[in-house]
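Chain residues, written in single-letter form:
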Amino acid sequence: MASETYAAGTHSAAFVTCPNEGVAKDLARAIVEKKLAACVNIVPAITSVYEWQGKIEEDSEVLLMIKTRSSKVPALAEYVRSNHPYEVAEVISLPIDQGNPPYLKWIGQVVPE
């Protein structure tokens, strides 16, 4: 166990915004059930300011913070695009450089390669 080390970037944190808690919960549960992620945090009541079709918009949204293997991000993005109500769903990811070793190991155990 002591010899096991985490290779930076093996896992990623992905972010998806949703229009409401119902959509967020449905997506989160399906993402975990399909083994596309080990864990999805649902962060309620965020405010997003963005440009859409030439206008500045401001909306209340719900944020999903998704922990997964970096190799699963393309499948995760495809699942979200296919099941999200937005015309252009936000799916972005950042590689995890460091973290709590037992937690990072758990992600790898839960999400198959």
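Calculation criteria
- Residues numbered from 1 in each chain as written.
- Predicted model: local features only at pLDDT ≥ 70, side-chain atom pairs only at ≥ 80, totals over all residues.
- Heavy atoms only, no water.
- Pairing = 2+ DSSP bridges.
- Helix = DSSP H or I, 4+ residues; strand = E, 2+ residues; numbered from the N terminus.
- Axes fitted to C-alpha atoms, helices over the stretch in contact; angles between N-to-C directions.
- Contact = heavy atoms within 4.5 Å.
- Polar contact = N/O pair within 3.5 Å; in protein donor to acceptor, adjacent residues only side chain to side chain.
- Patch = residues over 30% accessible without salt bridge, like charges linked within 9 Å, V, L, I, M, F, W, Y side chains within 5 Å.
- Areas by Shrake-Rupley, 256 points an atom, 1.4 Å probe, with all protein chains shown as cover.
- Salt bridge = Lys/Arg side-chain N within 4 Å of Asp/Glu carboxyl O.
- Buried < 20%, exposed > 50% of the residue type's maximum accessible area, 1.4 Å probe, protein only.

Q: Tell me about the sheet that holds strand E4 (residues 92–95), residues and numbers included.
A: One open sheet holds the four strands; their spatial order is E2-E3-E1-E4, and the pairing between them is antiparallel. In this open sheet, the two strands that pair with only one neighbour each are strand E2 (39–52) and E4. This sheet shows a mean twist of 30 degrees between the axes of neighbouring strands, independent of strand direction. For E2 and strand E3 (residues 55–69), the ladder comprises twelve bridges, and the chain directions are antiparallel. The partner of Ile42 across the bridge, within E3, is Leu64. Contacts between helix H1 (residues 21–33) and the sheet are confined to strand E1 (11–18), E2 and E3, with E2 contributing the most and set at about 130 degrees to the helix. Seen against the sheet, helix H3 (residues 101–110) touches E1, E2 and E3 and runs at an angle of roughly 85 degrees to E3.

Q: Got a sec to walk through the side chain of Thr68? Specific residues and values, please.
A: One can find Thr68 in strand E3. Of note is the side chain of Thr68, whose polar atom sits 2.5 Å from the backbone oxygen of Leu36. The contact partners of Thr68, leaving out residues within four places of it in the chain, are His11, Ser12, Leu36, Ala37, Val73, Leu76, Ile107 and Val111.

Q: Can you tell me about the pairing of E3, naming the residues and giving the values?
A: The sheet contact formed by E1 and E3 spans eight bridges and is antiparallel. Bridge pairing links Cys18 to Val62 in E3. Here E2 folds back onto E3, and the loop between the two strands holds two residues, one of which, Gln53, carries a positive phi near 55 degrees.

Q: Please provide a residue-by-residue account of a nonpolar patch on the surface, values included.
A: There is a patch of nonpolar side chains on the surface, built from Tyr50, Trp52 and Val88 and spanning about 270 Å² of accessible area. Turning to its location among the elements, Tyr50 is positioned in strand E2. Look at Tyr50 and you get partly exposed, because its relative accessible area is 30%.

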